[in-house]
Amino acid sequence: MLGPRRGSAVLVAALAATSLGGWRLGVTRAGGAGGGSARVVAVVDGDTVDVTWAGHRERVRLLGVDTPETVDPHRPVGCYGSEASAFTHRRLQGRTVRLTFDRRRRDRYGRLLAYVDVDGHRFNDELLTGGYARLLVIPPNGVNARAMLDEELAARSAGRGLWGACPGPDGR
């Protein structure tokens, strides 16, 4: 039989373990699940890169952003698409980055869906801040949507990137 002090210590330890487990599950469900380090081995376009991650080559579609098209053979290169692709290439090619996932890890094409951190900053936001991308939220992913909307609105207001270079009210 356990003494009152030892019984209390076991109870506290069990509650702490349960609490920590619940916290970890909540972080995973809320989008805080880190994917860990990856190395960018190719830039496909402004919002898509190939990485080596967990021992495999994976295609990653950046969450929360949509850069103008540059690689679809059925569509013309979009206004500011070349600049967005070049920016992504300069910032990410060959770099070690950190992948962070939201609620859904893969899209219907099998690509990883991730936020990409480089130099301690979320690169997805850099695309919005510089006017290289529009905000694109596809549920259930969207844990960072509010902050990312603020980035896009600031770029629009300042006429940065596609918001100043491309015709039309929505930068197209």
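Asks: Help me out: how do you make sense of the packing of aromatic side chains in this one?
Replies: Both the distance between ring centres and the angle between the ring planes are used here to describe each pair of aromatic rings. On inspection of all chains with the given rule, the structure shows 4 aromatic pairs. Between W53 and F101, the ring centres sit 5.6 Å apart and the planes meet at 75°, which makes this aromatic pair edge-to-face. Of the two residues, W53 sits in strand β2 (residues 48-53) while F101 sits in the loop between β5 (96-100) and β6 (112-118), which places them 48 residues apart along the sequence. Pair check on accessibility: W53 and F101 agree, each one buried. Taking the centre distance of 4.3 Å and the plane angle of 10° together, the rings of F87 and Y132 count as stacked. Here F87, found in helix α2 (residues 81-92), pairs with Y132, found in the loop between α3 (123-129) and β8 (134-136); they are 45 residues apart in sequence, far enough to count as distant. The side chain of R122 reaches across the aromatic face of Y115, ending 5.6 Å from its centre.

Asks: Where do I start with the pairing of β2 in this structure?
Replies: Residues in a regular strand point their side chains to alternate faces of the sheet. For β2, a buried count of 5 out of 6 residues is recorded, marking the element as mostly surrounded by other parts of the structure. Judged from the 6 bridges that link them, β2 and strand β3 (residues 56-62) form a sheet pairing that is antiparallel. Within β3, the position partnered with T52 by the bridge is R57. Joining the antiparallel neighbours β2 and β3 is a turn of 2 residues, in which A54 adopts a positive phi near 55°.

Asks: Explain the environment of D47 to me, please; I cannot follow it from the model alone.
Replies: Inspection of the secondary structure assignment puts D47 in the loop between β1 (34-45) and β2. In sequence terms D47 and P68 are 21 residues apart; their C-alpha atoms lie 8.8 Å from each other. Discounting chain neighbours no more than four positions away, the residues touching D47 are V60, R61, L62, V65, D66 and T67. Polar contacts involving the side chain of D47 include one to the main-chain amide nitrogen of T67, which spans 2.9 Å.

Reading the values: rules and limits
Residues numbered from 1 in each chain as written. Predicted model: local features only at pLDDT ≥ 70, side-chain atom pairs only at ≥ 80, totals over all residues. Heavy atoms only, no water. Phe/Tyr/Trp six-rings, centres within 6.5 Å; stacked < 30°, edge-to-face > 60°. Helix = DSSP H or I, 4+ residues; strand = E, 2+ residues; numbered from the N terminus. Buried < 20%, exposed > 50% of the residue type's maximum accessible area, 1.4 Å probe, protein only. Lys NZ or Arg CZ within 6 Å of the ring centre and 35° of its normal. Pairing = 2+ DSSP bridges. Contact = heavy atoms within 4.5 Å. Polar contact = N/O pair within 3.5 Å; in protein donor to acceptor, adjacent residues only side chain to side chain.

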